[in-house]
Every structure is written in C-alpha cells, then in structure tokens.
Amino acid sequence: MGEFRMPSLGADMEKGVLTSWEVSPGDEIRRGDVIAVVETDKGAIDVECHETGTVREFLVEPGTEAAVGTPLAVIDVPGEEPAGGKPVAAAPASRRVPISPAARRRAGELGIDPATVSGTGMQGSVTVEDVEQAAGGKPAEEETSDAEPMRRAIASAMTLANREIPHYYLGSTIDFEAAAGWLDDYNRDRAPDAQVILPALLLKAVAVSVLEVPELNGRWKDGAFAAAGSVDLGVAIALRHGAGLVAPAIAAAETLPVTELMRHFRELVVRARTGRLRSSEVTAGTITVTSLGDRSVDWVYPIIQPPQVAMVGFGQMTRRPWVEGEAVVARRVITATLAGDHRVSDGRRGAVFLEKLAECLQTPEQL
Amino acid sequence: MNETELRAKILGVLTGIAPEAAEVDLDPMVGFRDQLDFDSMDFLNFAIGLHEELGVDIPPRDYPRLATLASAVTYLQSRLGE
C-alpha cells in the first residue's frame, strides 16, 4: 500500500491546495500519470504519481489546503497486501477542460473544482465568469493591492537574491549571422512541428558552454557551492498579460539534440501558459536562461534565482553595423548577458563562459 | 468549409494555446501579439495547431499572415482553396 502525499514542488513550498483529482478510486495508474492538480504559489501544477497501482481512496477533498507531506490518497500497489477498509464512493473523474490560469486561480480562491463548472467559452472552456457563477454569482472583487501568490513568491525569491547573492554582470554582443542563417535554412522546408526557433538554439548553446565553467552550474546550499552533474536548464517563461513568471527546468539539456530540446521547450511553454505544468518539471534547475528578444529588448540584467548561482539573459536579434576586417558590414547580432555569483565565481570565469557561448554559436550545425 | 466553420476551428486552436482567447472579445483586426500577448513560440504553436486541425502546411515565411484573426481567415481560405 502506498500513500500519495502533498509533494514539495520547490524548496520554499510549505503547503498547497488540492484543486482537483484527475483519477477516480478504482482507476489503475502508472508511474508518471497525472493524478491531481495542486495549486501552489507557482500556479497550478499537474502532479504525477511515483507508483504504479490502483487508486483505493481519497483522503482529502478538492479545495483542501494541506502541508507538504500530508497523505492525500491511498494507492494499492500490486504485490503488496491490500489493506482492509471500505473504499469511499467513487467521485466522478475530473473532466479536462480548457481553463485560463486566471480562471483557475479564481476557482481556487472560491474553493471550486474547475471540473464541476460548465464552461461557456470556446470549446467549453471555463472562464472567470463561469467560475464566479458557479460560486453562486459571487461578484468579482475589485482589484486590491494584495499581491497574488505568484507575485509574492517572485518578490520573495528576488529579495533573497538581491540580499544574499553578490551579483556581477557581464555582457557581450555576439555575431549571430551564422546561427540565424542556419536557422533560416533549417526551418525553410520543415513542417511547423519540426521547426526550431531561435531561443531553443540559445538554450542548447548555454547548456554546452556552461560545461566549460562548472562553477556557474549548480546550487548554493548550506554555505557552500555544490556543482551539478548535469545541466538542468531553467527556462524563464512569462505568463500572459503580466500574470507572472515560471522557470521550469529541462533536465540534462546538454545531452539533448537541438530538435529534442526544442520539443521539450515548446511543450513547457504551452503547459506553463495553460496552467498545466507537471510536478517533475517545476523542480528547480541548475542555471536559468531568460530571453526577452521577442519584445525588442537589447539587454537583460538577470537576477539570479536562489539557490542557483548564475543566470543568462538574451536580448533581441537585430541588424547592426559590424566591423569585419577594414569594412563595416550589416550583421545580425544578439547580446548575451550573464549574472554570476561572486561567492562562487569571478568575472574572469564568467567571461570564459560568454566566449565559449559566442564560439559555439559560430558553428550552429554542431550544436 | 465555410467561413464560420473555419473561424470556429481557428478559435479552437487559439484556445488550446491561450485559454484567455475564450474570455476576451477578440477584435479580428488587432494582432494576437497585442490582444493575447503572443510571442514567437505561440505563433509556432498556432501554426502547428492549424496544421493538425486543417491539414494545411504553413511555411515560416507565411507566419506574418497569421498575425490577426482576419488575416488568418483570409490566408487559410486561400490555402484551403488550392
């Protein structure tokens, strides 16, 4: 017999709210299946189970807040003696309905399981209004100055970063002509789902380059730096309309071909923006990348996400005059910035990383 | 497929990427970038979703034609008519 407990979805998580069950008692489940949705200060997370077996009973109802480690359900694992006791009546399995992060959050605030709300939006999707209707026509509250949970979580992490991490910043403008040309050629005759977009190439370049400077990749823990064995690459993903920011990680990014990295990245973005990140993805990375080039930013000055010790920023790809030999030519360029942690590394080592990054972007076909 | 059906399919794809699309009254002439905060990844996912839903191959050079609901309808009508 196994217990499914409130998972810890980040070092700073103490509790979460069980938003809905995605399975019913009696259902067979396999390791990795999504069995519940939990609302955290990082948004709603699809929680995967770690066992294969049969769901016997639920111990808490949707809408319940529980501390990390609290048993939430009992799972019968084959080969083990099933415990006695009568299973609770099967609750109807939750329907998967499209719902925006805002509507999901509102449902959480009002203690409503979104799966029980009939959606009136496109494709039956649940809107904020539907949720409020379901709550008995409770009127939308005026916007208050109370920060949303995610905003508070971001603020507290960044305050910690600014207080405890002695940052240094470096920037380097990189000739991106070879990489941009390679991307154009690569994508020209490929179907959309086989295409690679610029940020994916940058992610791979960072993952490979940081291997040369291991003191940028890892975690600061209990007063010392622990280098990581692989590059679990955090990717900053902005939610729509300023709803917040999440940085799920792609595990062992340095080992993935660009196309594979792109697929992971693409799925992460969709799931983050539709409020369906999985528990295995929200565990923190070992270094994080942020790219703001889509909105005409030239430079990013990143703030490191504790307990990491470095963060890489990219601005937009843009055409600039570039000196080549004695001539000035038009080149596509991109500016990379690095925020490093002086407790672990110095600018000189950070510079080695940026050099390596620029170098590997000159031969994109090898990434 | 008539224009109403096509429009419904496009909105279905949009909702899968941005559930917010169901909540706002989309202005067909205003870009998804401004209305739905779309970025390059969203446009790529939009193209992938349209390909799956309609079977239309959309090369990268045509992505600018998916910028608004109105332009996407026009573009996809012409591609479906080929």
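Our subject is the structure that appears above.
Quick notes on the rules
- The residue numbers shown here count from 1 along each chain, following its written sequence.
- For this description, chains carry letters from A and ligands carry numbers from 1, given in the order in which they are written.
- Per-residue local features of the predicted model are confined to residues with pLDDT of at least 70, and side-chain atom pairs are confined, for both listing and counting, to 80 or more; whole-chain, interface and lining totals are unaffected and use all residues.
- Each side-chain value is worked out from all heavy atoms of the structure, with water and hydrogens disregarded.
- To qualify as a nonpolar core, a set must consist of buried Ala, Val, Leu, Ile, Met, Phe, Trp, Tyr and Cys residues joined through side-chain atoms within 4.5 Å.
- A simple rule labels every residue: compare its accessible area, found with a 1.4 Å probe on the protein chains alone, to the largest value its type can have, and call it buried under 20%, exposed over 50%, or partly exposed in between.
- Contacts: residue pairs with any heavy atoms within 4.5 Å of one another.
- Two strands pair if DSSP finds at least two bridges between them.
- Only DSSP runs of H or I reaching four residues or more are called helices, and only runs of E reaching two or more are called strands; each is numbered from the N terminus.
- Buried area adds together the accessible area that both of two parts lose upon being put together, with accessible area traced by a 1.4 Å probe.
- By definition, a salt bridge exists where a carboxyl oxygen of Asp or Glu is found within 4 Å of a side-chain nitrogen of Lys or Arg.
- We call two N or O atoms a polar contact when they sit within 3.5 Å, provided that within protein one can donate a hydrogen and the other can accept it, with sequence-adjacent residues counted only if both atoms are side-chain atoms.
- Any two rings among Phe, Tyr and Trp, with Trp reduced to its six-membered ring, count as a pair given centres within 6.5 Å; such a pair is stacked if its planes are under 30 degrees apart, edge-to-face if over 60, and tilted if neither.

Draft legend 1. Representation of the nonpolar core. Ranked by internal contacts, the top residues of the largest apolar core, which has 105 residues, are Phe353(A), Leu357(A), Leu361(A) and Phe46(B). What Phe46(B) contacts, discounting residues up to four positions off in sequence, is Ile10(B), Val13(B), Leu14(B), Ile17(B), Phe32(B), Phe38(B) and Leu66(B). Counting residues in hydrophobic clusters, the runner-up holds 8 residues, among them Ala107(A), Leu110(A), Val117(A) and Val131(A).

Draft legend 2. Examining the sheet that holds strand 8 (residues 71–76) of chain A more closely. Residues and elements named next belong to chain A. With antiparallel pairing, 4 strands are arranged side by side in an open sheet as 1-8-6-3. Each edge of the open sheet is held by one strand with a lone partner, namely strand 1 (2–5) and strand 3 (28–29). The pairing of strand 3 with strand 6 (residues 53–58) spans 2 bridges and is antiparallel. Each residue of the ladder has a partner; that of Glu28, found in strand 6, is Thr54.

Draft legend 3. Highlighting the interface of chain B and chain A. With 29 residues of chain B at the interface, the matching set in chain A holds 32 residues. When chain B packs against chain A, the two sides together hide about 2600 Å² of surface, and 56% of this comes from carbon and sulfur. Summed over the shared surface of chain B and chain A, the number is 5 salt bridges. Notably, a salt bridge pairs Arg273(A) with Asp42(B), separated by 2.9 Å at the nearest N-O pair. The interface formed by chain B and chain A contains 13 residue pairs in polar contact (both at pLDDT 80 or more).

Draft legend 4. Expanded view of the packing of aromatic side chains. Residues and elements named next belong to chain A. A complete count under the given rule lists 9 aromatic pairs over all chains for this structure. Residues Tyr169 and Tyr301 carry aromatic rings whose centres are separated by 6.5 Å and whose planes lie at 80° to one another, so their mutual orientation is edge-to-face. In this pair, Tyr169 is assigned in strand 9 (residues 167–175) and Tyr301 in the loop between strand 17 (287–291) and strand 18 (310–314), connecting sequence segments 132 residues apart. On the basis of relative accessible area, Tyr169 is assigned to the partly exposed category, the value being 41%. For Tyr301, a relative accessible area of 58% puts it in the exposed group.

Draft legend 5. Region of the structure containing the environment of Glu324(A). All names here are of chain A. Of note, Glu324 is situated in strand 19 (residues 318–324). Taking C-alpha positions, Glu324 is 43 Å from Glu281, a pair spaced 43 residues apart along the chain. Apart from residues no more than four positions distant in its own chain, Glu324 is found in contact with Val329 and Arg331. Engagement of the side chain of Glu324 in a polar contact is seen with the side chain of Arg331, the distance being 2.6 Å.

Draft legend 6. A look at the sheet that holds strand 4 (residues 34–40) of chain A. Residue and element names in this part refer to chain A. With mixed pairing, the 5 strands of this open sheet are ordered in space as 7-2-4-5-16. The sheet is open, and its two edges are formed by strand 7 (65–67) and strand 16 (277–278), each paired on a single side. One ladder, built from 4 bridges, connects strand 2 (residues 15–21) with strand 4; its direction is antiparallel. Across the sheet, Val17 pairs through a bridge with Glu39, a residue of strand 4.

None of the figures reported here should be taken as evidence of function without further support.
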